[in-house]
Amino acid sequence: MSEAKKTTNRKEIEEWAKKHGGVPSIIKGTENDGKGEGVLRIHFPKKSDSNESFEEISWDEFFKEFEHNKLALLHDPNGNFNKLVNRD
């Protein structure tokens, strides 16, 4: 893995995810009774055996929750490693 990069840039996040086959998702069953989307992830359906645990959402929904929770994406620009972390 090359050096991980932290970003909040929406265009950069979306382009990185699409380049690696990732889609904006939530983990099913983590929704908050209308108070939030649930636990966010960038999911790689073609590289995963656990597709039933994830529900794809729109980028608008993803970034709404991303901003609400003040998250940043820590990722490998050249690979699939990624983790949503606090911006601080």
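Residues numbered from 1 in each chain as written. Predicted model: local features only at pLDDT ≥ 70, side-chain atom pairs only at ≥ 80, totals over all residues. Heavy atoms only, no water.

**Examining the packing of helix α1 (residues 10–19) against helix α2 (residues 59–68)**
α2 packs onto α1 with a crossing angle of 130 degrees between their chain directions and a minimal axis gap of 12 Å. Between α1 and α2, the interaxial angle falls into the category oblique. Every pair of crossing elements has a handedness; the one defined by α1 and α2 is right-handed. Across from Arg-10, Ile-13, Glu-14, Ala-17 and Lys-18 in α1, the residues of α2 making contact are Trp-59, Phe-63, Phe-66 and Glu-67. Considered class by class, the residues forming the contact of α1 with α2 number five nonpolar, no polar and four charged. (Axes fitted to C-alpha atoms, helices over the stretch in contact; angles between N-to-C directions. Helix = DSSP H or I, 4+ residues; strand = E, 2+ residues; numbered from the N terminus. Parallel < 35°, antiparallel > 145°, perpendicular 65-115°, else oblique. Left-handed = near helix turned anticlockwise from the far one by under 90°. Contact = heavy atoms within 4.5 Å. Nonpolar A, V, L, I, M, F, W, Y, C, P; charged D, E, K, R; others polar.)

**Details of α1**
Every buried residue of α1 is listed here: Ile-13, Trp-16 and Ala-17. All buried residues of α1 lie within an arc of 95 degrees about the axis, which places them on one face of the element. Of the residues in α1, the exposed ones pointing more than 90 degrees away from the buried face are Lys-11, Lys-18 and Lys-19. Tucked inside the fold, the buried residues of α1 contact β1 (5–7), β3 (40–43), α2, β5 (71–75) and β6 (82–86). Two or three places before Lys-11, at the opening of α1, Asn-9 has a side-chain oxygen 3.0 Å from that residue's backbone nitrogen. Gly-21 sits one or two residues past α1 and shows a positive phi near 80 degrees. (Buried < 20%, exposed > 50% of the residue type's maximum accessible area, 1.4 Å probe, protein only. Arc of directions from axis to C-beta. Polar contact = N/O pair within 3.5 Å; in protein donor to acceptor, adjacent residues only side chain to side chain.)

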